[in-house]
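Architecture at a glance
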Amino acid sequence: MTADQLIIFLSGIVGGALRVGVPFLFVSLGECLTEKSGRINLGLEGVLVLSAMTAFGAAYLSGSPWIGVLAGAFAGALLAALHGVLCSLPRVNDIATGIALMLLGMGLAFYLGKPLIQPQAPQLPALSLGGWSDSAAVRSALEVNALLPIGLVMALVMAWAFSNTRLGLLVRMAGDSANATRALGYSVSGIRIAATTAGGFIAGLGGASLTLFYPGSWNEGISSGQGLIAVALVIFARWSPLRCVGAALLFGGAGAIGPALQSVGIGWGYHLFNIVPYVLTLLILVITCKPGVVVPGSPGELSSTK
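Residues numbered from 1 in each chain as written. Predicted model: local features only at pLDDT ≥ 70, side-chain atom pairs only at ≥ 80, totals over all residues. Heavy atoms only, no water.

Looking at an unreviewed UniProt entry, one finds the protein named Simple sugar transport system permease protein and attributed to Hydrogenophaga palleronii. The annotation that UniProt attaches to the protein under Subcellular location (unreviewed entry) is "Cell membrane". (UniProt positions renumbered as here; feature names shortened; annotations may be inferred.)

The next subject is the overall build of the protein. What the protein contains, in helices and strands, is 14 helices and two strands. In the protein, buried positions account for 52% of the 306 residues. Restricting the contact set of the protein to residue pairs at least 6 apart, pairs at least 24 apart contribute 77%. Of the roughly 13600 Å² of accessible surface on the protein, 69% is carried by carbon and sulfur atoms. (Helix = DSSP H or I, 4+ residues; strand = E, 2+ residues; numbered from the N terminus. Buried < 20%, exposed > 50% of the residue type's maximum accessible area, 1.4 Å probe, protein only. Contact = heavy atoms within 4.5 Å. Areas by Shrake-Rupley, 256 points an atom, 1.4 Å probe, with all protein chains shown as cover.)

Here we come to the side chain of serine 223. Secondary-structure assignment places serine 223 in the loop between helix H9 (188-212) and helix H10 (226-236). Judged by relative accessible area, serine 223 falls into the buried class, the value being 4%. Every residue in contact with serine 223, bar those within four places of it in the chain, is listed here: Glu45, Leu48, Val49 and Leu210.

Take the packing of aromatic side chains next. According to the stated counting rule, one finds two aromatic pairs in the structure shown. The ring of phenylalanine 162 carries lysine 36 above its face, with NZ or CZ at 5.3 Å from the centroid. (Phe/Tyr/Trp six-rings, centres within 6.5 Å; stacked < 30°, edge-to-face > 60°. Lys NZ or Arg CZ within 6 Å of the ring centre and 35° of its normal.)

With that settled, consider the nonpolar core. Burial of nonpolar side chains together is a common tendency in soluble globular proteins. Ranked by size, the top nonpolar core spans 69 residues in total, and within it Leu29, Leu212 and Trp218 carry the most contacts. In this structure leucine 29 touches Gly151, Met154, Ala155, Met158, Ile202, Pro241 and Cys244, once residues within four positions along its chain are discounted. (Core = buried A, V, L, I, M, F, W, Y, C linked by side-chain atoms within 4.5 Å.)

Here we come to the packing of H10 against helix H11 (residues 241-255). A pair of packed helices can be characterised by two numbers: the angle between their axes and the separation between those axes. Two numbers describe how H10 lies on H11: the axes approach to 9 Å, and their chain directions differ by 130 degrees. Classified by the angle between their axes, H10 and H11 sit oblique to one another. Remark: the crossing between H10 and H11 carries right-handed chirality. In contact with Ile229, Leu233 and Phe236 of H10, H11 contributes Ala247, Ala248, Leu250 and Phe251. Considering only residue class, the contact of H10 with H11 consists of seven nonpolar, no polar and no charged. (Axes fitted to C-alpha atoms, helices over the stretch in contact; angles between N-to-C directions. Parallel < 35°, antiparallel > 145°, perpendicular 65-115°, else oblique. Left-handed = near helix turned anticlockwise from the far one by under 90°. Nonpolar A, V, L, I, M, F, W, Y, C, P; charged D, E, K, R; others polar.)

Another aspect to go through is unusual backbone geometry. Positioned with a positive phi, arginine 91 is a non-glycine residue whose angle comes to about 60 degrees. When you line up the elements, arginine 91 lands in the loop between helix H3 (65-87) and helix H4 (94-112). We classify arginine 91 as exposed; its relative accessible area is 85%. Phi angles above zero are rare outside glycine, and arginine 238 is one such case at about 55 degrees. Judged by its relative accessible area of 27%, arginine 238 falls in the partly exposed class.

Encoded structure:
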């Protein structure tokens, strides 16, 4: 590999981490907020797919990608709110409900999105980070999603809010001790429904980035399991919004290895490298999730989720 090829390859990895990592970032932030309140939402895969389809459809019909982003976020919030309301009912299992709503969201997206497979919707603008290079390949590799700065700011705001605001402390208290929250006169169900809905809104931004930037089209395999991977990402990040940024970039970079190799003419093993994010997910779960051991940083109520 020549020096120029090495620069192109490394630019592809960095650009891929920033580009492919955006959906991971938003979905992991949404799940982080949900789990901080003491609830698990395995339905985020359905949220991601439904919001991706809704964002694409709204952008196609309105001619504005930003209207599509808002529509996708609200679609994600609605499905997540349904999860929150159902899980607040007596004797309802979070895990089973999440799986059911994942199937519902995906089914709705596949059914309603069939007319959208061929059309092209307006795309979000790209932010160029490669202006320093004379190489067109480097400049192309370092074009990133305009939603990325929003995600980074959102992570900073969430981290600050969890430690310094009344709402953030209420979310953490509901996640650590439902009994203490009730003793202080707060509604645990209300807090968790609000946190789950807000988490779905944030995850919906990740769905919008899939169809309105990269890969920039709607099809039924658009998410590739990123909603489910988000659960492992949050565990890996120890329920910290700032660590979610690093985890999302790690997974984004892992997913960019194959395309980066292709960009320098190495085609062997391209499909093999596509499985790297899934291998990472398995490794994280095996290393961090041990029977009888509480993961450091986990909300106390998650261990007692019924």
